[in-house]
Amino acid sequence: TGPRARALLQAMGELEELSWKTTLRRISTGDREAFEELGAAFYRLGQFQRIELTEAFAESQDPIWNAELGRLRESRDERVRMAAQVAQVRLGNQPAAFHLKEQLSAGGSGSVHAIDLLMRASEDPIARQWLEDVALQLRGPRLQRVIVALAEYGQQSARERLRDLL
């Protein structure tokens, strides 16, 4: 495995990454065929790819993805479960919203993951509303991170609160 073989492997990896990003973009714009084309590859996706997939489902704003997200909520991986739940909330799924509210109130690692996922989606008005609500319960560095995420998207109350914190 000389330098040429390594360069070829790197180029193949870059092509795979580009193909994955293209698939996510297609799904996020409502292209259902893009998901169907994944086929059996869906079951080989890693944790981060599954989380990215849940985000693409939510970005599509198409509630048809609630069924796939329901399957992802059964994952053994807590982060994937939370990502699927947050995506369902962003798609207007009321039972998922009720469950998320309970988990955020209970605290714990699921709550931490949910807040992180909401911050990743802070361009979404629904995610921002959830962040505003949860900010009322937070203290310390996590509160600061949430306020910064909200202030980034022009939330005046967050900017004022950030100014108070500084």
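This text follows the structure it describes.
Throughout what follows, the structure given in this document is the object of discussion. As the structure is a prediction and not an experimental result, all values here were calculated from the model.

On to the overall build of the protein. Counting its regular elements, the protein contains 10 helices and zero strands. Listing the helices and strands of the protein from first to last along the sequence gives α-α-α-α-α-α-α-α-α-α. Looking at the protein residue by residue over its 166 residues, the buried ones come to 42%. Taking all contacts inside the protein whose residues are at least 6 apart in sequence as the whole, residues at least 24 apart take part in 52%. Counting every atom, the protein has about 9,800 Å² of accessible surface; 52% of that belongs to carbon and sulfur.

Axis angle and axis distance: for two packed helices, these are the angle between their axes and the distance between the axes, and together they describe the pair. Look at helix α8 (residues 125–135) against helix α9 (residues 140–152): their axes get within 10 Å of each other, and the N-to-C directions meet at 145 degrees. Crossing angle aside, the handedness with which α8 passes α9 is left-handed. Two secondary-structure elements touch here, α8 through Arg-128, Leu-131, Glu-132 and Ala-135 and α9 through Leu-143, Val-146 and Leu-150. Broken down by class, the residue content of the contact of α8 with α9 amounts to five nonpolar, no polar and two charged.

With 12 residues, helix α7 (residues 109–120) should cover 16 Å at 1.5 Å per step; its first-to-last C-alpha distance of 17 Å lies within 8% of that length. Residues of α7 that are buried include every one of Gly-110, Ser-111, His-113, Ala-114, Ile-115, Leu-117, Leu-118 and Met-119, and no others. Of the surrounding elements, those touching the buried residues of α7 are α3 (47–60), α5 (78–90), α6 (94–106), α8 and α9.

Next up on the list: the packing of aromatic side chains. The full count for this structure, using the stated rule, is five aromatic pairs. Look at Phe-35 and Trp-65: their rings are 5.4 Å apart centre to centre, the planes differ by 75 degrees, and that puts the pair in the edge-to-face class. Here Phe-35, found in helix α2 (residues 32–38), pairs with Trp-65, found in the loop between α3 and α4 (66–72); they are 30 residues apart in sequence, far enough to count as distant. Take Phe-35: its relative accessible area is 13%, and that puts it in the buried class. Aromatic pair Phe-42 and Tyr-43: ring centres 5.2 Å apart, planes at 85 degrees, arrangement edge-to-face.

On to the side chain of Gln-88. Here Gln-88 shows up in helix α5. Of note is the side chain of Gln-88, whose polar atom sits 3.1 Å from the backbone oxygen of Asn-66.

All right, on to the pattern of salt bridges then. Here the structure, examined in full by the defined rule, presents 10 salt bridges. The residue Lys-21 makes a salt bridge to Glu-52 at a minimum N-O spacing of 2.7 Å. One end of the pair, Lys-21, is in helix α1 (residues 3–28); the other, Glu-52, is in helix α3, and 31 residues separate them in sequence. Close ionic contact of Arg-142 with Asp-116 constitutes a salt bridge, the shortest N to O distance being 2.8 Å. Here the residue Arg-142 occupies a position in helix α9, and Asp-116 occupies one in helix α7, the gap between them amounting to 26 residues. By relative accessible area, which is 21% here, Arg-142 ends up partly exposed. With relative accessibility at 26%, the residue Asp-116 sits in the partly exposed group.

What follows concerns the packing of α5 against α7. Running from amino to carboxyl end, α5 crosses α7 at an angle of 50 degrees, the nearest separation of the two axes being 9 Å. Between α5 and α7, the angle falls in the class oblique. Note that α5 runs across α7; the crossing there is right-handed. Where α5 approaches α7, its residues Glu-78, Arg-79, Met-82, Ala-83 and Val-86 are matched on the opposing element by Ser-109, Gly-110, His-113, Ala-114, Leu-117 and Leu-118. Partitioned by chemical class, the residues of the contact of α5 with α7 number six nonpolar, three polar and two charged.

Attention now moves to α3. Helix length check: α3 (14 residues) gives 20 Å between terminal C-alpha atoms against 20 Å at 1.5 Å per residue, within 8%. Burial runs high along α3: 10 of the 14 residues are buried. Buried within α3 are the following residues: Arg-50, Ile-51, Glu-52, Leu-53, Thr-54, Glu-55, Ala-56, Phe-57, Ala-58 and Ser-60. Of the residues trailing α3, Gln-61 is marked for its positive phi of about 60 degrees.

About the thresholds
- Residues numbered from 1 in each chain as written.
- Predicted model: local features only at pLDDT ≥ 70, side-chain atom pairs only at ≥ 80, totals over all residues.
- Heavy atoms only, no water.
- Helix = DSSP H or I, 4+ residues; strand = E, 2+ residues; numbered from the N terminus.
- Buried < 20%, exposed > 50% of the residue type's maximum accessible area, 1.4 Å probe, protein only.
- Contact = heavy atoms within 4.5 Å.
- Areas by Shrake-Rupley, 256 points an atom, 1.4 Å probe, with all protein chains shown as cover.
- Axes fitted to C-alpha atoms, helices over the stretch in contact; angles between N-to-C directions.
- Left-handed = near helix turned anticlockwise from the far one by under 90°.
- Nonpolar A, V, L, I, M, F, W, Y, C, P; charged D, E, K, R; others polar.
- Expected span 1.5 Å × (residues − 1).
- Phe/Tyr/Trp six-rings, centres within 6.5 Å; stacked < 30°, edge-to-face > 60°.
- Polar contact = N/O pair within 3.5 Å; in protein donor to acceptor, adjacent residues only side chain to side chain.
- Salt bridge = Lys/Arg side-chain N within 4 Å of Asp/Glu carboxyl O.
- Parallel < 35°, antiparallel > 145°, perpendicular 65-115°, else oblique.

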